[in-house]
Amino acid sequence: MTKRRVVSLLPAGTEIVHSLGAASWLVGRSHACDYPAVVQPIPAVTAPSVALGGSGVEIDRAVKSAGAEGRSLYQINISLLRELTPEVIITQGQCPVCAVSPADVERALVDWPGPRPTVVSLTPARFSDLWTDFWKVASALGIEDRIPSVVGPLKERVVAMIGITGGMTKRPRIACVEWLDPLMLAGNWVPDMIELAGGEPLGPAPGKHSGWITLEALVEEEPEVLALMPCGFDLSKTVQEMKPLQATPSWKALPAVRSGRVYAVDGNALFNRPGPRLVDSLEILAHILHPNVFPAPKAKSVLAPAGG
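Below is a summary of the structure that appears in this document. (Residues numbered from 1 in each chain as written. Predicted model: local features only at pLDDT ≥ 70, side-chain atom pairs only at ≥ 80, totals over all residues. Heavy atoms only, no water.)

## Examining the layout of surface pockets
Moving on, step 1. In this structure, the second largest pocket encloses a volume near 340 Å³.
Moving on, step 2. Considering the residues around the second largest pocket, the lining is formed by 17 residues, among which R157, D280, E283, I284 and P297 are closest to the centre.
Moving on, step 3. When contributions to the lining of the second largest pocket are tallied by element, the ones reaching two or more residues are α6 (147-165) and α12 (278-289).
Moving on, step 4. No other element matches α6, which puts four residues into the lining of the second largest pocket.
Moving on, step 5. Among the residues making up the lining of the second largest pocket, the classes are represented as eleven nonpolar, one polar and five charged. (1 Å grid on protein atoms, 1.4 Å probe; cavity = no way out; pocket = protein on both sides within 12 Å on 5 of 7 lines; lining within 4 Å. Points joined across faces, edges and corners; volume = space filled by probe spheres on them. Helix = DSSP H or I, 4+ residues; strand = E, 2+ residues; numbered from the N terminus. Nonpolar A, V, L, I, M, F, W, Y, C, P; charged D, E, K, R; others polar.)

Right, dumping it as C-alpha cells:
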C-alpha cells in the first residue's frame, strides 16, 4: 500500500480519513479541523477571511456582507499548500459558508507546479450520503478494503436504532435549529436523522438546504421538542447565544418551551459535521426524542437541557 499525501479542507473529511486509519497521511488541514486531537499539530492551510468569532448576529451580518460583495469566506495559503505537495485534496461542494468550496480550491491550483493533486469533493445532502463519502475518500486513497471494518459497525448502530424506532407511532414534532438569530431550521441530512430517530421533522424536507423561519412562524408549527444546534457553535456558546431568544415573548408560547423539552447540543462537533460522528448525533437525537428508550450520551459536554 502506497501512503499518499493528503490535505483535508473540511472537518468531516479529516474525521473520515482518521477513521479509515490514515491520519498519518494528512500533511495539511483546514483551520476548523480540530478532531481528533492528533490532527491539531498538522499545518492549517486555510483561514477565515471574515470575522467568525463574534455573536450570531455579527457572524450572520459578516457572512451576508461577504456574499453580497462576492467575497469568499475563506482564504487558502497557496504557498504553504504548494510546499506540502499533496497528492489528494479533500474539499466540499455542499455549503460555501461552512468550509472552503471547490471554486476556492480550483483557484489555488492555477499554475500548479508538478503533478496536479486529485480533488475529492464531498457533497452530502442526505444521511445516507455519509456512506458514499466514505467510499469517495477511501477510493481516492486506495484503501477501499478498509471500508467494511469502519462503515460496518456504524451501519449496525443505525440498523439497531431503526429496529426500535421503525414501529413507533408516537413521533414527537421536533424543530432542529441551525441558527439562532435569525432563526434557521436544519435541512440536508438532519430531517433524515429525525425520522430515523423516531421523530417528525419540522422545516425543510430531507436533502433540502436549511431554511430561515421567524419565531412567530415557528410558534405556529407547534414543536413539541426543540434541539438547538447552531452551525459552528459548541455547547457553551449555544447556551450563551440562546439567552436573547429566551427573552422574547413568543418564546414562551412554544409548546416545547412550556413542557421543558428544549435542548442545546454541540452542533459544531456533531450535527453540523457529516462525518463518522453523525451516528453519535443520531443516537443523541433519539435520546432527546425518546429519553425513556434511548440512553443519554456518555459525554456531558455535548448535550444539555436548555430549559425555557
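## What to know about the pairing of strand β5 (residues 88-92)
Moving on, step 1. In terms of residue burial, β5 counts as a mostly covered element, since five of its five residues are buried.
Moving on, step 2. Taking every second residue as pointing to the same face, both faces of β5 are buried, with V88, I90 and Q92 on one and I89 and T91 on the other.
Moving on, step 3. Relative to β5, strand β1 (residues 6-8) is paired through three bridges, and the arrangement is parallel. Bridged to V7 within β5 is I89.
Moving on, step 4. In the sheet, β5 pairs with strand β6 (residues 118-122) via five bridges, with the strands oriented parallel. Residue pairing for β6: T91 is matched across the bridge by S121. (Buried < 20%, exposed > 50% of the residue type's maximum accessible area, 1.4 Å probe, protein only. Pairing = 2+ DSSP bridges.)

## What about the side chain of D192?
Moving on, step 1. Its location among the elements puts D192 in helix α7 (residues 190-196).
Moving on, step 2. Exposure remark for D192: the relative accessible area of 9% places this residue in the buried category.
Moving on, step 3. Excluding residues that lie within four positions of it along the chain, D192 makes contacts with R126, F127 and P206. (Contact = heavy atoms within 4.5 Å.)

## Topic: the packing of α6 against α12
Moving on, step 1. α12 packs onto α6 with a crossing angle of 20° between their chain directions and a minimal axis gap of 10 Å. In terms of their interaxial angle, α6 and α12 are classed as roughly parallel. Crossing of α6 against α12: the hand is left-handed. Packed against α6, whose contacting residues are L154, R157, V158 and M161, the element α12 presents V279, D280, L282, E283 and A286 at the interface.
Moving on, step 2. For the contact of α6 with α12, the class distribution of residues is six nonpolar, no polar and three charged. (Axes fitted to C-alpha atoms, helices over the stretch in contact; angles between N-to-C directions. Parallel < 35°, antiparallel > 145°, perpendicular 65-115°, else oblique. Left-handed = near helix turned anticlockwise from the far one by under 90°.)

## Brief notes about the sheet that holds β6
Moving on, step 1. Spatially, β2-β1-β5-β6 is the arrangement adopted by the four strands of the open sheet, whose pairing is parallel. Each edge of the open sheet is held by one strand with a lone partner, namely β2 (26-29) and β6. Adjacent strand axes in the sheet meet at a mean angle of 20° when their direction is disregarded.
Moving on, step 2. The strands touched by helix α5 (residues 129-141) within the sheet are β1, β5 and β6, with β6 carrying the most contacts at an inclination of about 170°.

## Side note on the side chain of T165
Moving on, step 1. Inspection of the secondary structure puts T165 in helix α6.
Moving on, step 2. At 2.7 Å, the side chain of T165 and the backbone oxygen of L196 are in polar contact.
Moving on, step 3. In this structure T165 touches R171, L196, A197, G198 and F294, once residues within four positions along its chain are discounted. (Polar contact = N/O pair within 3.5 Å; in protein donor to acceptor, adjacent residues only side chain to side chain.)

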